[in-house]
Amino acid sequence: MSNKKDAASLLKRYLIARIPLIVLKTIETARALDMIRDVSLELVQEGWLDEKSFYAHTMSKGVYNLFTNQAVGNTGSSVLSAMDFTVKLLRQDQKLNQTMVLTGVPDISGENGDSQRILDLISLASEMYGTVIVFYNNSVWNTLQRHGLIVTLDMPDEEEMYALIKGQLDGNRSQVTIEWDDSDVKEAAATLAGVTQIEATNVMSALLAKGIVKKEDMAEVRSAKNRLFSNISGLERIDVDPAMKDVGGLKGLRDWLDEKKELLKPEKKEVMKKLHLQPPRGILLVGVPGCGKSMSAKAISASWKLPLYRLDFATAQGSYVGQSEQQLKDALTTAENVAPCILWIDEIEKGLSGAGSSNDGGVSTRMVGQFLFWLQECKKSVFVVATANDVSMLPSELLRRGRFDELFFVDLPTADERKDILSLYFKKYLHLDFASNEAFAEHIVKITEGFTGADLESAVRELAYHTVAQPGLVLDEEEISSTFSNVVPLSKTSPEKINNIRNWGKERAVPASGRPIGEEALPSRAAPSVRRVLIRHKEV
């Protein structure tokens, strides 16, 4: 059952009960009015109320009959005039069971002249079995709220969005060629869930205006939603190169993600819904810095064709009491609205390191609790990819089984993984086939023992800089070997740190490479090398 059906069912019961004040929380006035009209029609057909007893007010139309859409007298366009009309209807005309819908009420969040005036109207409505429905999306003055009940109308979910899109497409099939089948409609509904009805209608209308709706237009639907949420509070939209889906190594992680990708298909979602299974929550990536944790978030976004948003706990920290918690709540709510999406939390330990400490007044502890509760209860398709370098700073609550779907350890790349990574970067930056000379490729793989993925990319990029700066430069084996030999990797500068990270991961995490953690031995420190300055002078 969709949220609109839930809201309509609740609204119907409240109208039958003649609750004097119903606060309808929504940002979609037209959709809410349609829902009220449908509910009112049911009440009239079932004999509960008379069709002449339903009125509504908007700034553009003034007061009008909800069924006939006809303006009522010379009431004016202001909310005050609509309230005066309602008072006359109830007090002077002594009419019972009247319903007035006010769509543009002033500030009623606290005690003021406007809220006092509405409270007086509600008291009169209570005496005459009347109901006033107020559209208001913020908190309501407590004294006023205690006279009524709240109905929340969230934005369309997948079920409602499916009906909306299908109806719009079916209504244009005689004029527009539509290649989409039912699975495409379901995918579009899943993508647009969380936007308003008018926004979804506009997106589909733009597609129909081309005269043909093709299979590949699904990318335009995704892009349209991304544009709608391009500037959102608390989250940073990250543009991802489609080529990012190709990542060297991490076979264990990639195999696990490929299986979870299947669950994004509409038919799989229906099966999961019947089994009461939530969408995959996400993964926590820990391990050696520079080995592809952050890149993995971008690779998942590219492979799954979902937008990537970055949440920074540091930016959610506020200077006032309760501000940090509210900003985090707003950011997580926004993530649900833009779902399906990938939510990337880079170096999560830095944002949550204060948990359990009293130095910040308990703010970090409350934020950890708030995030973990959301992570466990979120029903939307928000896949969280959290990364961490300093595992000692991670709060223990974050590591409990069931928080994330899996905890992966990203270790130094093995020889085979280094070969894959080098092949990707040689092709990307130098347009060369790294494995064309097998013997030399094996030599480079050997001398890069202990390198992180970032070390490998840095060396290849340095070679690319040389070729750009010096056109005609030929990269021979000596040049390439010299560049890699000049890199001092983290495994040489901080081997103790890597060993500590590995020891932690062996007991708690699944290896992302699919191979045992620590299988790749750290390079020997017996013969320290001297870095040389790589400066090349053009011949005169």
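It should be noted that the structure appears before, not after, this text.
Attention in this report is confined to the structure presented alongside it. (Residues numbered from 1 in each chain as written. Predicted model: local features only at pLDDT ≥ 70, side-chain atom pairs only at ≥ 80, totals over all residues. Heavy atoms only, no water.)

## What about the overall build of the protein?
- Of the regular secondary structure elements, the protein holds 22 helices and 15 strands.
- Taking 2.2 N^0.38 as the reference for a compact globule, 540 residues should give roughly 24 Å; the C-alpha atoms of the protein span a radius of gyration of 30 Å, well beyond that estimate.
- In the protein, buried positions account for 47% of the 540 residues.
- Summed over its atoms, the accessible surface of the protein is roughly 26600 Å², and 51% of this surface lies on carbon and sulfur atoms. (Helix = DSSP H or I, 4+ residues; strand = E, 2+ residues; numbered from the N terminus. Rg over C-alpha atoms; globule rule 2.2 N^0.38 Å. Buried < 20%, exposed > 50% of the residue type's maximum accessible area, 1.4 Å probe, protein only. Areas by Shrake-Rupley, 256 points an atom, 1.4 Å probe, with all protein chains shown as cover.)

## A short note on the packing of helix 17 (residues 415-430) against helix 18 (residues 438-447)
- At a minimum axis distance of 10 Å, the contact between helix 17 and helix 18 shows a crossing angle of 115°. Here helix 17 is positioned roughly perpendicular relative to helix 18, judged by the angle of their axes. As helix 17 packs across helix 18, the resulting crossing turns out to be right-handed. Residues Ala 415, Arg 418, Lys 419 and Leu 422 of helix 17 lie in contact with helix 18, whose contacting residues are Glu 438, Glu 442, Ile 444 and Val 445.
- Of the residues that constitute the contact of helix 17 with helix 18, the class distribution is four nonpolar, no polar and four charged. (Axes fitted to C-alpha atoms, helices over the stretch in contact; angles between N-to-C directions. Parallel < 35°, antiparallel > 145°, perpendicular 65-115°, else oblique. Left-handed = near helix turned anticlockwise from the far one by under 90°. Contact = heavy atoms within 4.5 Å. Nonpolar A, V, L, I, M, F, W, Y, C, P; charged D, E, K, R; others polar.)

## Re the sheet that holds strand 11 (residues 308-311)
- Spatially, seven strands are ordered 9-11-12-13-10-14-15 in an open sheet, and the strand pairing comes out mixed. Two strands in the sheet have a free side with no partner beyond their single neighbour: strand 9 (235-238) and strand 15 (510-511).
- Here strand 11 pairs with strand 12 (residues 341-345) via three bridges, running parallel. Bridge pairing in strand 12 places Leu 308 opposite Ile 342. (Pairing = 2+ DSSP bridges.)

## A closer look at helix 6 (residues 158-170)
- Under the 1.5 Å per step criterion, the end-to-end length of helix 6 is 18 Å for 13 residues, consistent within 8% with the ideal 18 Å.
- Taken together, the buried residues of helix 6 touch helix 1 (3-16), helix 2 (29-45), strand 7 (177-178), helix 7 (182-192) and helix 8 (197-208). (Expected span 1.5 Å × (residues − 1).)

## Thoughts on the nonpolar core
- Counting residues in hydrophobic clusters, the biggest one holds 60 residues, and the most contacted among them are Trp 180, Leu 343, Ile 348 and Phe 371.
- At seven residues, the largest contribution of residues to this core is made by helix 16 (residues 363-377).
- Those residues within four positions of Ile 348 in sequence are excluded, and the remaining contacts are Leu 284, Phe 313, Phe 371, Ala 386, Thr 387, Ala 388, Leu 394 and Leu 398.
- Counting residues in each nonpolar core, the second largest holds 27 residues, with Ile 122, Leu 124, Val 140 and Leu 144 among its members. (Core = buried A, V, L, I, M, F, W, Y, C linked by side-chain atoms within 4.5 Å.)

## With respect to the packing of aromatic side chains
- A full pass over the atoms with the stated rule returns seven aromatic pairs.
- Look at Trp 256 and Phe 408: their rings are 5.5 Å apart centre to centre, the planes differ by 75°, and that puts the pair in the edge-to-face class. Linking Trp 256 in helix 10 (residues 251-262) with Phe 408 in strand 14 (residues 406-410), this pair joins segments that are 152 residues apart in sequence.
- We classify Phe 408 as buried; its relative accessible area is 2%. (Phe/Tyr/Trp six-rings, centres within 6.5 Å; stacked < 30°, edge-to-face > 60°.)

## Points about the pairing of strand 3 (residues 62-65)
- The sheet contact formed by strand 2 (residues 54-58) and strand 3 spans four bridges and is antiparallel. The partner of Tyr 55 across the bridge, within strand 3, is Asn 65.
- Connecting strand 2 to the next strand, strand 3, in antiparallel fashion are three residues.

## Some words on the environment of Asp 330
- Examined against the element boundaries, Asp 330 turns out to sit in helix 14 (residues 323-338).
- Since its relative accessible area comes to 35%, Asp 330 is described here as partly exposed.
- Separated by 170 residues in sequence, Asp 330 and Asn 500 place their C-alpha atoms 37 Å apart.

## A few points about the pattern of salt bridges
- Overall, the coordinates contain 29 salt bridges when judged by the stated rule.
- Between Glu 457 and Arg 461 there is a salt bridge whose closest N-O contact spans 3.4 Å. Residue Glu 457 and its partner Arg 461 are both found in helix 19 (residues 453-469); the two are separated by four residues, about one turn of the helix.
- Look at Glu 457 and you get buried, because its relative accessible area is 16%.
- By sharing partners, the salt bridges in this structure join Lys 12, Glu 42 and Glu 46 into a single network. (Salt bridge = Lys/Arg side-chain N within 4 Å of Asp/Glu carboxyl O.)

## Remarks on helix 7
- All of the buried residues in helix 7 are Asp 184, Val 185, Ala 188, Ala 189, Ala 190, Thr 191 and Leu 192.
- Tucked inside the fold, the buried residues of helix 7 contact helix 6, helix 8, helix 9 (218-228) and helix 11 (266-274).
- Remark: Gly 194 follows helix 7 within two positions and exhibits a positive phi of approximately 110°.

## Examining the packing of helix 14 against helix 16
- At a minimum axis separation of 10 Å, helix 14 and helix 16 run at an interaxial angle of 20°. One element, helix 14, and the other, helix 16, form an angle in the roughly parallel class. As for the relative orientation of helix 14 and helix 16, their crossing is right-handed in sense. Between helix 14, through Ser 324, Glu 325, Leu 328, Lys 329, Leu 332 and Glu 336, and helix 16, the contact on the second element is made entirely by Val 363, Arg 366, Met 367, Gln 370, Phe 371 and Trp 374.
- For the contact of helix 14 with helix 16, the class distribution of residues is six nonpolar, two polar and four charged.

Coordinates in, geometry out; function isn't part of it.
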